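Survey of secondary and tertiary structure
Residues per chain are reported as follows:
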Amino acid sequence: MKESTPIYFMAFWPFITYISLITHPSQAFVTIHKLSSFANSRTVGGRSSSIYKSNHGNDQMKVSLVCSAVETSNDTDDSLPNLSNEEISRYSRHLVLGAVGMKGQRQIKNGSVLCVGAGGLGSPCLLYLAAAGVGRIGIVDADTVDESNLQRQIIHTMDDVGVSKCESAAASIRNLNPNCEVVQFKEEFTSGSALRILNSCPTIDGDSTTTWDAVVDGSDNFPTKYLINDACEILGIPWVYSAILAFEGQISTFNFKGGPTYRDLLPIPPNPGDVPSCAEGGVLGVLPGTFGCMQATEVVKILLEKESGLLSGRVLVWDAIAMKFSEISLKRDEGRQQISELIDYKGFCAGPKGPSIAPQKETNPTGRTMDEIEGSDASISTLEDPYHTIAPKDCLSKLAGGWTPWVLDVRLQTENDIIALPFTDRVSPHRQVSPGDIPSKGDVLVYCKAGVRGKKAIDRLMTMGVDGDRLYNLDGGIMRWQKDVDKSMPRY
């Protein structure tokens, strides 16, 4: 190509190159080389000088072009893991984003995220983190998959029912993206295990462990959220919070570079029983999907160091029925005592209300703290209980012997519509139950789904003057009745 070639010809260079690659691939690299030589030649001091010289061999052209592409990518951080050809193809939609590119994708691959709970929130979050290419993903969950989970926990399938949620989620992640390293913690996230788990992220070379880059909150109870918050504050780890119920939810990023924490949002836990769990109050199946995806978005932004748009100092609230988003600003309380050690969070959320964070003995170190566990420990009878706890089989025998108690269902009416004991006399949700719901004399059999709300309803009745010796709580609730007495009943 001569220097007298019209300059407007160069405007069509990308188009000509593209057509050449399609129609004459065997000659394409020679053509590109000739055009490159012309474009990079310029007159310096009256002489023609070329900054790009080589022969026309196709192999050498390919090497030159690849080297040129790498040199102009501004991806020069040798501390980040490289991407394989397969990964470049897999993440191509990320790589063409100016805010991600090759370096950003390598940052994501270098990242590590721990998800506490593989349930409603954890399911979509884990899937999208894996799809995004996060290099190391940790999962904490001691629960197994139940059929009732599948309405919203999309990382699990019917084939996983009865399987550990950790194993099920890990298998789904590996099937989606085998490049992700998955670490399973099939145990409770408690005050005794939290710091160990948070310090158990494998390094890239696998020779040691370190802290996770970010933590995702996939729980649905206050003790776990306070525990995540305090443990992350002690270790300086940012975490992405979310809470959902019925048709509403909220999300924020806490403890990000000295920003607000969960204790700035809720310095004092709400009164026990004031806020129902998802198991009790229900949740629209797509709601955790939406918030889980937003949690994944926040995590990816943390790994990419995109700080300006993070939800640090902001709580985003979504009303799915009204299809409206709103926002609450949040500031860190500079006078709040710094967290230095973990406490008994079940006791903290159930005990006297106050900002104290003094250490306490763990009252229930094996109690469930994962997603949607109704709190089976609360239904266990003790010698101090001033009422009776009766097992379903014992209850059936007692009824067959002529026992005729007043039967009170303390679940929601919607739950009673699903399944109920056929001899139920009255339905009154445990937060509203009163002496007017039962006769003034005679025994009363109280039941709920799993025994927890029955205990709370009995406690409420006794504070209103009802003699505890008249009250019987069905141990394990109607779900244990279904298991031990009548398997024809549906489970929910």
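Let me begin by describing the structure that accompanies this report.

Rules of the game
Residues numbered from 1 in each chain as written. Predicted model: local features only at pLDDT ≥ 70, side-chain atom pairs only at ≥ 80, totals over all residues. Heavy atoms only, no water. 1 Å grid on protein atoms, 1.4 Å probe; cavity = no way out; pocket = protein on both sides within 12 Å on 5 of 7 lines; lining within 4 Å. Points joined across faces, edges and corners; volume = space filled by probe spheres on them. Nonpolar A, V, L, I, M, F, W, Y, C, P; charged D, E, K, R; others polar. Patch = residues over 30% accessible without salt bridge, like charges linked within 9 Å, V, L, I, M, F, W, Y side chains within 5 Å. Areas by Shrake-Rupley, 256 points an atom, 1.4 Å probe, with all protein chains shown as cover. Salt bridge = Lys/Arg side-chain N within 4 Å of Asp/Glu carboxyl O. Helix = DSSP H or I, 4+ residues; strand = E, 2+ residues; numbered from the N terminus. Buried < 20%, exposed > 50% of the residue type's maximum accessible area, 1.4 Å probe, protein only. Axes fitted to C-alpha atoms, helices over the stretch in contact; angles between N-to-C directions. Parallel < 35°, antiparallel > 145°, perpendicular 65-115°, else oblique. Left-handed = near helix turned anticlockwise from the far one by under 90°. Contact = heavy atoms within 4.5 Å. Pairing = 2+ DSSP bridges. Phe/Tyr/Trp six-rings, centres within 6.5 Å; stacked < 30°, edge-to-face > 60°. Lys NZ or Arg CZ within 6 Å of the ring centre and 35° of its normal.

Remarks on empty space enclosed by the protein
Using the criterion set out here, one finds two cavities of 30 Å³ or more in the structure. Roughly 30 Å³ of internal volume is contained in the second largest cavity. In terms of lining residues, the second largest cavity is bounded by Glu87, Tyr91, Lys109, Gly133, Val134, Gly135, Asn179 and Cys180. In terms of residue class, the lining of the second largest cavity is made up of three nonpolar, three polar and two charged.

Details of a nonpolar patch on the surface
On the surface, Phe247, Leu284, Val286 and Ile321 cluster together to form a nonpolar patch covering roughly 360 Å² of accessible area. Mapped onto the secondary structure, Leu284 falls in the loop between helix 12 (278-281) and helix 13 (286-304). According to the relative accessible area criterion, Leu284 is partly exposed, its value standing at 32%.

Description of the packing of helix 6 (residues 101-110) against helix 13
Where helix 6 contacts helix 13, the axes come no closer than 8 Å and their chain directions differ by 110 degrees. Relative to helix 13, helix 6 is oriented roughly perpendicular. For the pair helix 6 and helix 13, the crossing hand works out as right-handed. Between helix 6 and helix 13, the contacting residues are Gly104, Gln107 and Ile108 on the first element and Val300, Leu303 and Leu304 on the second. Looking at side-chain class alone, the contact of helix 6 with helix 13 contains four nonpolar, two polar and no charged residues.

A closer look at the packing of helix 15 (residues 392-400) against helix 18 (residues 477-484)
The contact between helix 15 and helix 18 brings their axes to 9 Å, and the two run at 80 degrees. In terms of axis orientation, helix 15 runs roughly perpendicular to helix 18. Only Arg480, Trp481 and Asp484 of helix 18 make contact with helix 15, whose side of the interface consists of Pro392, Lys393, Cys395, Leu396 and Leu399.

Thoughts on the sheet that holds strand 14 (residues 406-409)
With parallel pairing, the five strands of this open sheet are ordered in space as 13-17-16-14-15. A strand with exactly one partner marks an edge of an open sheet, and here the two such strands are strand 13 (388-390) and strand 15 (426-427). One ladder, built from two bridges, connects strand 14 with strand 15; its direction is parallel. In the sheet register, Leu408 faces strand 15, and the bridge partner there is Arg426. Helix 15 contacts strand 13, strand 16 (444-447) and strand 17 (471-474) of the sheet and is inclined by roughly 95 degrees relative to strand 13.

Details of the sheet that holds strand 11 (residues 314-319)
Strands sit in the order 5-4-3-8-9-10-11-12 across an open sheet of eight strands; the sheet is mixed. Every other strand in the sheet has two partners, leaving strand 5 (181-185) and strand 12 (324-329) as the edge strands with one partner each. Ignoring which end each strand starts from, the neighbouring axes of this sheet average 15 degrees apart. Inspection of the sheet shows strand 9 (residues 239-245) paired to strand 10 (residues 248-254) by seven bridges, in the antiparallel sense. By the bridge assignment for strand 10, Leu245 is matched with Glu248. Lying over the sheet, helix 10 (residues 222-235) contacts strand 3 (112-116), strand 8 (214-217) and strand 9, oriented at roughly 170 degrees with respect to strand 9.

Here's the deal with the packing of aromatic side chains
Evaluated as defined, the whole model comprises twelve aromatic pairs. A ring pair is formed by Trp239 and Tyr241, whose centres lie 6.2 Å apart and whose planes are at 80 degrees; its orientation type is edge-to-face. For the pair shown, Trp239 and Tyr241 are each scored as buried. Members of the aromatic cluster, joined through ring pairs, are Tyr226, Trp239, Tyr241, Phe254, Tyr262 and Phe348. One residue, Lys398, lies across the ring of Trp403, its end atom 5.2 Å from the ring centre. Against the face of Tyr492 rests Lys449, its NZ or CZ located 4.6 Å from the ring centre.

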